[in-house]
Amino acid sequence: MKKIFLEINLTWPKLIIMSVILGVYTAIMAMLPIAKDTSFSDLTVTFEVWIFFGIFIIMNSKSPKDSALKCFVFFLISQPLVYLVQDVINHSNLFFTYYRFWVLWTIACIPMGFIGYYMKKGKWWGLLILLPMLLLTAEECTGYLSRTIFSFPRHLLTTIFCMSMLIIYPLAIFKNKKIKTIGVIISAILIIFIVLVCIMKPPVYSTYILSNGDKYQFDDSYKTYLLDKKYGDLKIECEEETKDCMIHADFKKAGKTELILESPNGKKVIFDISIERSKYTIKEKSN
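Residues numbered from 1 in each chain as written. Predicted model: local features only at pLDDT ≥ 70, side-chain atom pairs only at ≥ 80, totals over all residues. Heavy atoms only, no water.

Draft legend 1. Region of the structure containing unusual backbone geometry. Cis peptide bonds are those with omega within 30 degrees of zero, and the linkage from Phe152 to Pro153 qualifies with 5°. One can find Pro153 in the loop between helix H6 (125-150) and helix H7 (156-173). With a phi close to 60°, Asp37 is a non-glycine residue in the positive phi region. Here Asp37 is to be found in the loop between helix H2 (12-31) and helix H3 (48-59). On the basis of relative accessibility, which here comes to 26%, the residue Asp37 falls in the partly exposed class. With a phi close to 55°, His91 is a non-glycine residue in the positive phi region. Position of His91 among the secondary structure elements: in the loop between helix H4 (64-90) and helix H5 (94-116). (Helix = DSSP H or I, 4+ residues; strand = E, 2+ residues; numbered from the N terminus. Buried < 20%, exposed > 50% of the residue type's maximum accessible area, 1.4 Å probe, protein only.)

Here it is as structure tokens:
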């Protein structure tokens, strides 16, 4: 890893080629159905991989000015390409919808690249410069570990990548043993905190599924449950004034099972339900 962060001759042609390749690759991952909701498409929505490339550029730059300009140009090329490639292929309008968010980060790369270069000086304050990047990586890691727990093994590679980078960054960037040690301790504390948060507050997808109406008639005298209870808990909630009722779900795991709606006299309506981290599909089974 030291060779990757400190011994690459990052010329301008190499930087531009890297920017184009990563921009196009990210756009492809965003469009590929097979990559949807997997580690391969995570870089299309979150920061962890882009933090890695930002640090890679900073550590292989020759001066603070060189670092600032190369970080700026890298994101100036790669991020618009992510949206423009999708717009051309899918005839969408993503560039004008989403790039206004990324353009602010692109501009911020100028001071961040300039200041980030001073991590190469090997001083204790270099760890303070690295700390925001560690915290942001840790934040992304928390979200992906939660998703992995909910829908294993989805996002597992991203979770491993984030945890690995938290340890590798201080080891690869700094030469001083004390600074390395302190950096690794900080990263280890962050990883422990991430794991504890996800264990103590496991992921739950709360939503409403069915409402009583023309097709399905039920009230709070009915029972509802999932055939395999490991996927979560259901209950019927009714408004006192309107008597409108809905099935509330707390899903705890992704997968497929059956939802049963049972009347007081034992009559059952059975549905096939497919659960994902933030959505579901449901269809009544044929008798």
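Moving on, there is more to tell.
Draft legend 2. Region of interest: the packing of aromatic side chains. In this structure the tally under the stated criterion is 18 aromatic pairs. Ring geometry for Tyr83 versus Tyr98: centroids 6.2 Å apart, planes at 20°, classification stacked. Within this pair, whereas Tyr83 is found in helix H4, its partner Tyr98 is found in helix H5, the two being separated by 15 residues in sequence. Take Tyr83: its relative accessible area is 9%, and that puts it in the buried class. Taking relative accessible area as the criterion, Tyr98 reaches 46% and is therefore assigned partly exposed. Centre to centre, the rings of Tyr205 and Phe251 are 5.8 Å apart; their planes meet at 45°, and the pair counts as tilted. Remark: Phe251 occurs in strand E4 (residues 245-251) and Tyr205 occurs in strand E1 (residues 205-211); sequence separation between them is 46 residues. Accessibility assignment for this pair places Tyr205 and Phe251 in one class, buried. Grouping aromatic residues by their ring pairs yields a cluster made of Trp50, Phe52, Phe53, Phe74, Phe75 and Phe161. Lying over the aromatic face of Trp12, Lys70 brings its terminal NZ or CZ to 5.7 Å of the ring centre. (Phe/Tyr/Trp six-rings, centres within 6.5 Å; stacked < 30°, edge-to-face > 60°. Lys NZ or Arg CZ within 6 Å of the ring centre and 35° of its normal.)

Draft legend 3. Summary view of empty space enclosed by the protein. Evaluation of the coordinates by the stated rule reveals one cavity of 30 Å³ or more. Approximately 40 Å³ is the volume attributed to the largest cavity. As for the largest cavity, its lining consists of Thr26, Leu43, Thr44, Val45, Trp50, Gln79, Val82, Tyr83 and Trp102. Looking at the lining of the largest cavity element by element, the count peaks at three residues for H4. Residues belonging to the lining of the largest cavity are distributed by class as follows: six nonpolar, three polar and no charged. (1 Å grid on protein atoms, 1.4 Å probe; cavity = no way out; pocket = protein on both sides within 12 Å on 5 of 7 lines; lining within 4 Å. Points joined across faces, edges and corners; volume = space filled by probe spheres on them. Nonpolar A, V, L, I, M, F, W, Y, C, P; charged D, E, K, R; others polar.)

Draft legend 4. A look at the state of the cysteines. All chains considered together, the criterion is met by one disulfide. Across the disulfide from Cys238 sits Cys245; the S-S distance is 2.0 Å. Linking Cys238 and Cys245, the disulfide has an S-S dihedral of approximately 110° and is accordingly described as right-handed. Cys71 supplies the cysteine sulfur nearest to Cys109, a cysteine that is in no disulfide, at a spacing of 5.8 Å. Since its relative accessible area comes to 7%, Cys109 is described here as buried. Sulfur of Cys162: no disulfide; nearest cysteine sulfur belongs to Cys141 and is 4.8 Å away. (Disulfide = S-S within 2.5 Å.)

Draft legend 5. Focus on the pattern of salt bridges. Evaluation of the coordinates by the stated rule reveals five salt bridges. As a salt-bridge pair, Lys230 and Asp228 come within 4.0 Å of each other at their nearest N and O atoms. A salt bridge links Lys235 to Glu237, with the shortest nitrogen-to-oxygen separation between them at 3.6 Å. Using a relative accessible area of 26% as the deciding quantity, one classes Glu237 as partly exposed. (Salt bridge = Lys/Arg side-chain N within 4 Å of Asp/Glu carboxyl O.)

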